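Okay, here's what each chain looks like letter by letter:
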Amino acid sequence: MLKGKHIILGITGGIAAYKSVQLLRLLVKSGAEVQVVITPAGKEFITPVTLSALSGKPVISEFFTANTGQWNSHVDIGLWADLMVIAPATASTIAKMATGVADNMLVTTYLSAKAPVFVAPAMDLDMMAHPTTTRNLQQLRADGVHVIESATGELASHLVGKGRMAEPQEIHDAIAAFFASRDDSALAGRRMLVTAGPTYEKIDPVRFIGNYSTGKMGYAIADEAARRGMKVTVVSGPVSVVPQEPGVEVIRVESAREMLAECRRLFPEQDVAVMCAAVADYAPAETADRKIKREHDDVPVIRLVKNPDIAAALGAEKKPGQRLIGFALETDNALANAREKLSRKNLDMIILNSLADPGAGFGTDTNKVTVIRADGAAEELPLMPKRDVAAAILDRLSL
Ligand code: PMT
């Protein structure tokens, strides 16, 4: 799983830094290319010479290499990496990561990294139990960082409690398991259509019926699919987000009818379609060609007509082997409503998110979803960044 993977190993100033040597050996032995980035305090505990000998690469610590003046680009290293692991991660580094204090090469690299990040905290038990550390670790989890829990045992202070860094083998195995769960070979090269954002249904040239969707969830799915080698097309309502991954094609539409036309045109060539857009269920029966004036005594009455159901239309046209994934945005009776939509629209999976859950739904960077499969089995996932929700959905997709 680690063969050819680019891994940044971040080392900070804690007694457990000696264990990082073993972690480095294990990663290299499994075929990973490892770039060590060490904080100035880390060098007090372990020498760069040992680390560079084992990794086969110069160790990076400062923004400039002292004798040559060479600039070490944190952006380039951040982009090079498939994964970053910081082991040990001291209370101080965890706090800097949680608040964005970029005063050394390691935290600067973390802020530039596009890859998944793991931390293995190591500190004395009082520091570990302090509300500040708890808060900072919670913040890192909410930012999508994977925390490899510390163990309980004897600490450098000879006190016994929680704070020992997880064993190198355990950290290595957590990283390998992560790559295994993202084995993208089944998805690479396959085609995915994603709908994202709201639709706008015109009342007149200046007004529309719309909703609060920002496109964040749909674009997160598109980006994750592209990272896994899929060819992705987003049919997007009006949003300001853009894909973060190169190669994601975006087709912009405004109304549900325009979205339906594009989806029907594209669907026959797709392996998967993910219906994440918040499509307006109704549109004005007529669109005024001039601005409706306020001066009239009467309040205008807008007659609505039903919009087409795009997911149901694709569900009716679905061929064997194609997968159709829907979303359900509910406020009450959530599971029953979602299951009803799953079956009525001929979906293979539906992702339920409820506006009753804080941090879920429109506009947030996080979401809390329940994945419901075609047989009705439901799996509730915790609140997590939309990027991780996207990964969880793709992990559960079989083609
Ligand atoms: O964009 P964000 O701000 O990140 O917010 C994300 C989100 C809340 C919009 C997203 O997670 C989400 O829940 N999208 C679906 C919203 C929705 O319209 O749910 P629904 O329960 O009304 O529709 C069920 C399914 O049918 C959805 O897959 C929807 O795309 C589809 N549908 C609905 C109506 C319609 N006319 N055509 C459709 O295709």
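You'll find the structure just up there.
Residues numbered from 1 in each chain as written. Predicted model: local features only at pLDDT ≥ 70, side-chain atom pairs only at ≥ 80, totals over all residues. Heavy atoms only, no water.

1. Let's talk about the sheet that holds strand S3 (residues 83–89)
Now for step 1: On the basis of which strands lie adjacent, the open sheet formed by five strands has the order S2-S1-S3-S4-S5 and parallel pairing. In the strand order of this sheet, the two ends are held by strand S2 (33–38) and strand S5 (146–147), each with one partner.
Now for step 2: The sheet contact formed by strand S1 (residues 6–11) and S3 spans four bridges and is parallel. Of the residues in S3, the one forming a bridge with glycine 10 is isoleucine 86.
Now for step 3: Contacting S1, S2 and S3, helix H1 (residues 17–29) runs over the sheet at an angle of about 175 degrees to S1.
Now for step 4: In the packing of helix H8 (residues 168–181) onto the sheet, contacts are made with S1, S3, strand S4 (117–121) and S5, and the angle to S3 comes to roughly 160 degrees. (Pairing = 2+ DSSP bridges. Helix = DSSP H or I, 4+ residues; strand = E, 2+ residues; numbered from the N terminus. Contact = heavy atoms within 4.5 Å. Axes fitted to C-alpha atoms, helices over the stretch in contact; angles between N-to-C directions.)

2. A short note on the pattern of salt bridges
Now for step 1: All chains considered together, the criterion is met by 24 salt bridges.
Now for step 2: The partner of glutamate 286 in a salt bridge is arginine 303, and the shortest N-O contact between them spans 3.7 Å. Here glutamate 286, found in the loop between strand S14 (282–284) and strand S15 (304–306), pairs with arginine 303, found in the loop between S14 and S15; they are 17 residues apart in sequence, far enough to count as distant.
Now for step 3: Arginine 303 gets classed as exposed once you look at its relative accessible area, which sits at 54%.
Now for step 4: We note a salt bridge from arginine 396 to glutamate 379, for which the minimum N-O separation is 2.8 Å. Linking arginine 396 in the segment after helix H13 (386–395) with glutamate 379 in strand S20 (residues 378–380), this pair joins segments that are 17 residues apart in sequence.
Now for step 5: Sharing partners across several salt bridges, the network here consists of Glu224, Arg227, Arg228, Glu245 and Asp395. (Salt bridge = Lys/Arg side-chain N within 4 Å of Asp/Glu carboxyl O. Buried < 20%, exposed > 50% of the residue type's maximum accessible area, 1.4 Å probe, protein only.)

3. Some details on the packing of aromatic side chains
Now for step 1: In this structure the tally under the stated criterion is four aromatic pairs.
Now for step 2: Taken together, a centroid distance of 5.9 Å and an interplanar angle of 70 degrees make the contact between phenylalanine 178 and phenylalanine 179 edge-to-face. When sorted by exposure, phenylalanine 178 lands in the same class as phenylalanine 179, which is buried.
Now for step 3: Aromatic pair tyrosine 200 and phenylalanine 208: ring centres 3.7 Å apart, planes at 10 degrees, arrangement stacked. (Phe/Tyr/Trp six-rings, centres within 6.5 Å; stacked < 30°, edge-to-face > 60°.)

By themselves these figures say nothing about function.
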